[in-house]
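Now for the letters of each chain:
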Amino acid sequence: QVQLVESGGGLVQAGGSLRLSCAASGRAFESYDMGWFRQAPGKEREFVSAITRSGSVPYYADSVKGRFTISRDNPKNTVYLQMNSLKPEDTAVYYCAADVRSRHIITTISGYYYWGQGTQVTVSS
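Residues numbered from 1 in each chain as written. Predicted model: local features only at pLDDT ≥ 70, side-chain atom pairs only at ≥ 80, totals over all residues. Heavy atoms only, no water.

1. Describing the state of the cysteines
The term disulfide refers to a covalent linkage connecting the sulfur atoms of a pair of cysteines.
So, point 1. Inspection of every chain in the model, using the stated rule, returns one disulfide.
So, point 2. The residue that forms a disulfide with Cys 22 is Cys 96, at a sulfur-sulfur distance of 2.1 Å. Its torsion about the S-S bond being -80 degrees, the disulfide of Cys 22 and Cys 96 is classed as left-handed. Of this pair, Cys 22 sits in strand β3 (residues 18-26) while Cys 96 is found in strand β9 (residues 92-99), placing the two residues 74 residues apart along the sequence. Taken as a pair, Cys 22 and Cys 96 share a single burial class, namely buried. (Disulfide = S-S within 2.5 Å. Helix = DSSP H or I, 4+ residues; strand = E, 2+ residues; numbered from the N terminus. Buried < 20%, exposed > 50% of the residue type's maximum accessible area, 1.4 Å probe, protein only.)

2. Considering the pairing of strand β5 (residues 46-51)
So, point 1. Judged by how many residues are buried, β5 sits mostly within the fold: five of six residues are covered.
So, point 2. As judged from the five bridges shared by strand β4 (residues 33-39) and β5, these two strands associate in the antiparallel manner. Note that in β5 the partner of Trp 36 across the bridge is Ser 49.
So, point 3. Following β4, the chain reverses through six residues before pairing antiparallel with β5; Gly 42 in that reversal takes a positive phi of roughly 75 degrees. (Pairing = 2+ DSSP bridges.)

3. Quick notes on the pattern of salt bridges
So, point 1. One pass over the full model with this rule turns up six salt bridges.
So, point 2. One salt bridge in this structure joins Arg 38 and Asp 90, with 2.9 Å as the shortest N-O distance. Linking Arg 38 in strand β4 with Asp 90 in the loop between β8 (78-83) and β9, this pair joins segments that are 52 residues apart in sequence. Of the two residues, Arg 38 and Asp 90, both sit in the buried class.
So, point 3. For Lys 65, the salt bridge identified is with Asp 62, shortest N-O distance 3.2 Å.
So, point 4. On the accessibility criterion, Asp 62 (67% relative accessible area) is exposed.
So, point 5. Each of the salt bridges in this network shares a partner with another, and the network as a whole consists of Arg 38, Glu 46, Arg 67 and Asp 90. (Salt bridge = Lys/Arg side-chain N within 4 Å of Asp/Glu carboxyl O.)

This is how it looks when you write it as structure tokens:
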């Protein structure tokens, strides 16, 4: 069992930056692959970024590649999403997710068992 709590969302102008954090509690954080997903109003939840349990391999959706950076601090049980050059289309609720399975697709919703409650990111034009 792991609990995930996101923070760092807010209102920012286009071109600005935000850093999201996801604090995990429960089983050994270093055992989990971690992901970020987002859901805009009226749209389905979509993959944003993910990082393997070792932290050695990041994954990004094409829409955020070059603008967002995922990282993790295993001693602090936290994963981060640094978001730069934000666009209005980045507006969404951002969710943190975790999974301990050794064989799962890290870029899909079904690849994660544990989810946070989400944090709102709003980018104004």
